[in-house]
Amino acid sequence: MNDIYEAIFSRMSVRKFKKEKLNGETLETVERLFGELKPLDESIKTRLEISTDSRVSGLFSIKAPHYLLFFSEDKPGYLPNAGFMLQQMDLRLSAMGIGACWLGFAKPSGEVPKDPNLEFVITLAFGEAVGEVHRKDRSQFRRKEITEICRGDQHLGLIEAARLAPSATNSQPWFFVSKREKIDLYCVKPGFIKTLFYKRLNEIDSGIALLHLFVAAERAGLAPKIVIDRDAMDNPPEGYYYVRSIEVER
Ligand SMILES: Cc1cc2nc3c(=O)[nH]c(=O)nc-3n(C[C@H](O)[C@H](O)[C@H](O)COP(=O)(O)O)c2cc1C
């Protein structure tokens, strides 16, 4: 996934799109990329579909010529898996100079063919941007400081890549515990009121951050492995729940 590493440091959400559709060749390339996505959990069946405006509606929706609709089996871990997979598309589209924005509240209309075994999870709007597709430098990211989201002083370069990840309402619900041989990823437990709204989206966000960590670790030649670490799971920082760990070779 070396080809998407650079995009981590320049990508941004694009919310204004030209009306015109992308040409057929570009859409074919986008479709071909589906088959190349690395899942977090290979046992979870997923499907991506390109849709058009008339088939997508919903709260806070934005107008784009195309939408990627992500469908998945509802199995444990399916939300981080969706974040992990669809963020590869977000970064690839950015690398191709195509604008994109995650849409947490859009829904496909009844016209989309339904597979009874797969549920709709989330949407990524995409198309040719009106205006910039890339940030010029890192100072243009509005993000928490690394000291707020991390304990330990190892692998700060990898955590920096995850710090820049997009998240719903930019809430950045993640926390990292770094050790020499691994990084543990945790996600904030939403309060009572926020649970309804955010729990699902926060889980998707945590998969996005994990993808950024993984891509950066691969790029650094650390042969990353994503694992579930019992000890890390049993000892979360106060107010957080465990997501996954990334083991690295040193
Ligand atoms: C899971 C998820 C859902 C999101 N939903 C929306 C949305 O419904 N509408 C919107 O305008 N932006 C949405 N965003 C984009 C975030 O607001 C954006 O990623 C965040 O503010 C950081 O800005 P950046 O992507 O430009 O770095 C979503 C992002 C994620 C990861």
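So, here is what we can say about the structure in this document. (Residues numbered from 1 in each chain as written. Predicted model: local features only at pLDDT ≥ 70, side-chain atom pairs only at ≥ 80, totals over all residues. Heavy atoms only, no water.)

## Some thoughts on the side chain of Gln88
Worth spelling out the cut-off: Helix and strand definitions follow DSSP, with helices as H or I runs of at least four residues and strands as E runs of at least two, each counted in order from the N terminus. To sort residues, take the accessible area from a 1.4 Å probe on protein chains only and compare it with the maximum for the residue type: under 20% means buried, over 50% means exposed, and anything in between is partly exposed. For the purposes of these results, a polar contact is taken to be a pair of N or O atoms within 3.5 Å, where, inside protein, one atom must be able to donate a hydrogen and its partner to accept one; residues adjacent in sequence count only when each atom of the pair is a side-chain atom. Here, two residues are considered to be in contact whenever any of their heavy atoms come within 4.5 Å of each other.
By secondary structure assignment, the location of Gln88 is in helix H2 (residues 78-95). According to the relative accessible area criterion, Gln88 is buried, its value standing at 1%. Looking at Gln88, its side chain comes within polar contact range of the main-chain oxygen of Lys38, at 2.7 Å. Only 3.0 Å separates the side chain of Gln88 from the backbone oxygen of Phe84, close enough to count as a polar contact. Leave out the neighbours within four places in its chain, and Gln88 touches Met1, Ile4, Glu36, Leu37, Lys38 and Leu211.

## Some details on the packing of aromatic side chains
Threshold: Classification of ring pairs rests on two measures: the distance between centres of Phe, Tyr or Trp rings, Trp counted by its six-membered ring, which must be within 6.5 Å, and the angle between planes, read as stacked under 30 degrees, edge-to-face over 60 and tilted in between.
Tallying each qualifying case throughout the model produces five aromatic pairs. On the numbers, 6.0 Å between centres and 65 degrees between planes, the contact of Phe84 with Phe214 is edge-to-face. Taken together, the positions of Phe84 in helix H2 and Phe214 in helix H4 (residues 192-219) put the pair 130 residues apart, joining distant regions of the chain. The same class applies to Phe84 as to Phe214, namely buried.

## So, the site of the ligand
Here is the rule: Distances are taken per atom, and a residue is near a molecule or strand as soon as one of its heavy atoms is within 4 Å of it. Accessibility throughout is a Shrake-Rupley quantity obtained with a 1.4 Å probe, and a residue counts as covered only by protein chains that appear here. For this classification, the nonpolar set comprises Ala, Val, Leu, Ile, Met, Phe, Trp, Tyr, Cys and Pro, the charged set comprises Asp, Glu, Lys and Arg, and every other residue, Gly included, is treated as polar.
The ligand sits among 20 residues. The nearest are Arg11, Ser13, Arg15, Arg135 and Arg143. Take Arg11: an N or O atom from its side chain is 2.8 Å from an oxygen atom of the ligand. Arg15 has a polar side-chain atom sitting 2.7 Å from an oxygen atom of the ligand. In the complex, 90% of the free accessible area of the ligand, which totals 620 Å², lies under the protein chains. When contributions to the shell around the ligand are tallied by element, the ones reaching two or more residues are strand S4 (99-103) and H4. It is S4 that provides the largest number of residues to the shell around the ligand, a total of three residues. Here the shell around the ligand is built from residues that sort into ten nonpolar, five polar and five charged.

## So, the sheet that holds strand S9 (residues 182-188)
So the rule is basically this: Here the rule is simple: two strands pair whenever DSSP picks up at least two bridges between them. Every axis corresponds to a line fitted to the C-alpha atoms, with the helix fit spanning only the stretch in contact, and the corresponding angles, defined between N-to-C directions, vary from 0 to 180 degrees.
Taken together, five strands build an open sheet; the order of strands is S7-S8-S9-S11-S10 and the sheet is mixed. Since the sheet does not close on itself, it has two edges, and those belong to strand S7 (150-151) and strand S10 (225-227), each with one partner. Relative to strand S8 (residues 174-178), S7 runs parallel, the two sharing two bridges. Paired with Arg151 across the two strands is Val177, which belongs to S8. Its contacts with the sheet put helix H3 (residues 156-163) on S7, S8 and S9, and the angle it makes with S8 is roughly 175 degrees.

In short, geometric facts, not functional conclusions.
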